[in-house]
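# Breakdown of the fold
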Protein chains: 2
Amino acid sequence: MNIIDESGILAISTRLQRLSEQLRKDGALFYKSYGIDFEPKWFPVVYTLHHKEVLSVVEIANEIGYTHPSTISLLKELEKQKLIRSKKDKVDERKRLISLTPKGQELIVKMKPVWDVMSSVLKEIADNQNNLLQAINEAETKLMHQSFLQRALQLKSEE
Amino acid sequence: MNIIDESGILAISTRLQRLSEQLRKDGALFYKSYGIDFEPKWFPVVYTLHHKEVLSVVEIANEIGYTHPSTISLLKELEKQKLIRSKKDKVDERKRLISLTPKGQELIVKMKPVWDVMSSVLKEIADNQNNLLQAINEAETKLMHQSFLQRALQLKSEE
DNA sequence: CAAAACTACGTAGTTAAATACATAAATAAA
DNA sequence: TTTATTTATGTATTTAACTACGTAGTTTTG
């Protein structure tokens, strides 16, 4: 549509956001088709706890790549679903140790075949010539080395 | 990090959202370095009006690819900045015809060199081997033909 | 070992988008 | 020409992330 947005990243993020919303809805419906009441957004936390067993709030946040406040709100939902539980760390009283409940573990067993299907469908969609993940990694790496602002200011001063 | 999120699109959208937030902040700072008070999110509307002169709310929404409520809130901000104005369409009384104010047009003249710099920096960042835009286009196209849910249900029934 | 700095967690508030709903004007159909 | 449908706009609410801030433990340092 235009010089900056079309070639840039600003509008792209809106499109990806929509894409992911669509996938979330479809994901939820697909779980439902197996008789499972599970929201795709819970997946990262549940999957992490499935492998790590016991983790603190901040540890989970780091694992799933969200800020801790975002993580806390996911944990609240999962606690309401009785899929996870938490108790104070006796060694470090600031920490809350989170783990799956038996109900949570049972659910994972039921969900595993669902995940397999989802996983291959997502591969089908995202594995393009122009790999989405790769493209983002490359852009992020470039910005890590030098921010947009730094690059822009430099170009400005060169004129 | 895991089978679905790392290879899929769910986490990718969060990362892109962050990327775009970063770019927005830097963009605003870069405008400021020219003494210009302009938020990058206003760009699509302003740029569209620069080329089309007079448009209704829904027409702008379609041009920039947002829903009309989102567009309305952008328009409100721009009106507060006195960069745009609107009047009722005499032919169709439902329509509000939006256009740039003289102040808005002056601002565009000042912003043009800034846009040139931004545009080349964004090219530098986004033009990777794995082109971001291309990758998204390909994923969207695939999903247009057959949704995630349809693909998943089909795979499920084949088992 | 007391003061300072850091870490873990939690809450409140913000943001940029979306949906869902409401109203009024214009057009089409009975 | 009334009635039904569609279109344009607007408002209210929701969502998923964020930042900013506060408090309470823990660790480091003078």
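Check the entry above for the structure.
Residues numbered from 1 in each chain as written. Chains lettered and ligands numbered in written order. Predicted model: local features only at pLDDT ≥ 70, side-chain atom pairs only at ≥ 80, totals over all residues. Heavy atoms only, no water.

All names here are of chain A. It is the contact of helix α3 (residues 43-52) with helix α6 (residues 102-126), at a shortest axis distance of 12 Å, that shows an interaxial angle of 115°. Considering how the two elements wind past one another, α3 and α6 form a crossing that is left-handed. Side by side, α3 and α6 meet where F43, V46, Y47 and H50 of the first sit next to I108, M111, K112 and W115 of the second. When grouped by side-chain class, the residues that make up the contact of α3 with α6 number six nonpolar, one polar and one charged. (Axes fitted to C-alpha atoms, helices over the stretch in contact; angles between N-to-C directions. Helix = DSSP H or I, 4+ residues; strand = E, 2+ residues; numbered from the N terminus. Left-handed = near helix turned anticlockwise from the far one by under 90°. Contact = heavy atoms within 4.5 Å. Nonpolar A, V, L, I, M, F, W, Y, C, P; charged D, E, K, R; others polar.)

For the rest of this paragraph, the subject is the side chain of D26 of chain A. Residue placement: D26 of chain A occurs in helix α2 (residues 10-33). Buried charge without a partner: D26 of chain A forms no salt bridge, and the closest opposite charge is K25 of chain A, 8.1 Å away. Once you skip the residues sitting within four places of it in the chain, D26 of chain A turns out to touch S147, F148 and L149 of chain B. (Buried < 20%, exposed > 50% of the residue type's maximum accessible area, 1.4 Å probe, protein only. Lys, Arg positive; Asp, Glu negative; His and termini not counted. Salt bridge = Lys/Arg side-chain N within 4 Å of Asp/Glu carboxyl O.)

Of all residues adjacent to DNA strand D, which total 23 residues, the nearest are S70 and E93 of chain A together with R18, R94 and R96 of chain B. A breakdown of the atoms of DNA strand D within 4 Å of the protein gives sugar and phosphate a share of 69%. In this structure, V57 of chain B approaches DNA strand D through a main-chain N or O atom, which is 3.4 Å from a phosphate oxygen. One of the side-chain nitrogen or oxygen atoms of R96 of chain B is found 2.5 Å away from a phosphate oxygen of DNA strand D. Looking at the surface near DNA strand D, the elements with two or more residues in it are α5 (68-80) of chain A together with α2 (10-33), α4 (57-64) and α5 (68-80) of chain B. The element that contributes the greatest number of residues to the surface near DNA strand D is α5 of chain B, accounting for four residues. Looking at side-chain class alone, the surface near DNA strand D contains seven nonpolar, five polar and 11 charged residues. (Near = heavy atom within 4 Å. Polar contact = N/O pair within 3.5 Å; in protein donor to acceptor, adjacent residues only side chain to side chain.)

Another aspect to go through is unusual backbone geometry. With the exception of glycine, most residues fall at negative phi, and the peptide bonds are largely trans. Residue and element names in this part refer to chain A. Even without being glycine, E53 reaches a positive phi, approximately 70°. Following the sequence through the fold, E53 ends up in the loop between α3 and β1 (55-56). Residue classification places E53 among the exposed residues on the basis of a relative accessible area of 54%.

A separate point is the protein's contact with DNA strand C. What surrounds DNA strand C is a group of 23 residues, the closest being V58, H68, R94 and R96 of chain A together with S70 of chain B. Sugar plus phosphate: this is where 69% of the atoms of DNA strand C within 4 Å of the protein reside. In the environment of DNA strand C, a phosphate oxygen lies 2.6 Å from a nitrogen or oxygen atom belonging to the side chain of R96 of chain A. At 3.5 Å from a phosphate oxygen of DNA strand C is found a main-chain nitrogen or oxygen belonging to V91 of chain B.

A pair of packed helices is captured by two measures, namely the crossing angle of their axes and the spacing between those axes. The interhelical angle for the contact between helix α8 (residues 148-158) of chain A and helix α6 (residues 102-126) of chain B, taken along N-to-C directions, is 130°, at an axis separation of 9 Å. For the element pair α8 of chain A / α6 of chain B, the angle class is oblique. Helix-helix and strand crossings are classified by hand; for α8 of chain A and α6 of chain B the assignment is right-handed. Along the contact surface, α8 of chain A presents F148, R151, A152 and L155 of chain A, while α6 of chain B presents V117, M118, S120, V121, L122, E124 and I125 of chain B. Considered class by class, the residues forming the contact of α8 of chain A with α6 of chain B number eight nonpolar, one polar and two charged. (Parallel < 35°, antiparallel > 145°, perpendicular 65-115°, else oblique.)

A few words now on the sheet that holds strand β3 (residues 96-100) of chain A. Residues and elements named next belong to chain A. With respect to topology, three strands assemble into an open sheet ordered β1-β3-β2, the strand pairing being antiparallel. A single partner strand is all that each edge strand has here, and the edge strands are β1 and β2 (84-88). Across five bridges, the pairing between β2 and β3 is antiparallel. Across the sheet, I84 pairs through a bridge with L100, a residue of β3. Contacts from α3 reach β1, β2 and β3, with the element oriented near 95° to β3. (Pairing = 2+ DSSP bridges.)

As a further point, take the nonpolar core. Judged by nonpolar contacts, the single largest core of 88 residues is most densely connected at Y31, F38 and M111 of chain A together with Y31, F38 and M111 of chain B. Residue contacts for Y31 of chain A: discarding those within four places in its chain leaves I36, F38, P40, F43, M111, V114, W115 and M118 of chain A. (Core = buried A, V, L, I, M, F, W, Y, C linked by side-chain atoms within 4.5 Å.)

Turning to the pairing of strand β3 (residues 96-100) of chain B, a few remarks are in order. Both faces of the sheet carry side chains from a regular strand, because those side chains alternate between them. One ladder, built from two bridges, connects strand β1 (residues 55-56) of chain B with β3 of chain B; its direction is antiparallel. Across the sheet, the residue bridging to S56 of chain B is L97 of chain B, located in β3 of chain B.

Here we come to the environment of P44 of chain A. With respect to the secondary-structure elements, P44 of chain A resides in helix α3. On a C-alpha basis, the gap between P44 of chain A and L149 of chain A in space is 33 Å, while along the polypeptide they are 105 residues apart.

What follows deals with the pattern of salt bridges. All names here are of chain A. Under the counting rule described, the total for this entry stands at 12 salt bridges over all chains. Across the pair K41 and E77 runs a salt bridge whose closest N-O atoms are separated by 3.2 Å. Of the two residues, K41 is situated in the loop between α2 and α3 and E77 in helix α5; the sequence distance between them amounts to 36 residues. Classification of E77 by relative accessible area gives partly exposed; the value is 25%. Within this structure, E39, K41 and E77 form a network of salt bridges that share partners.

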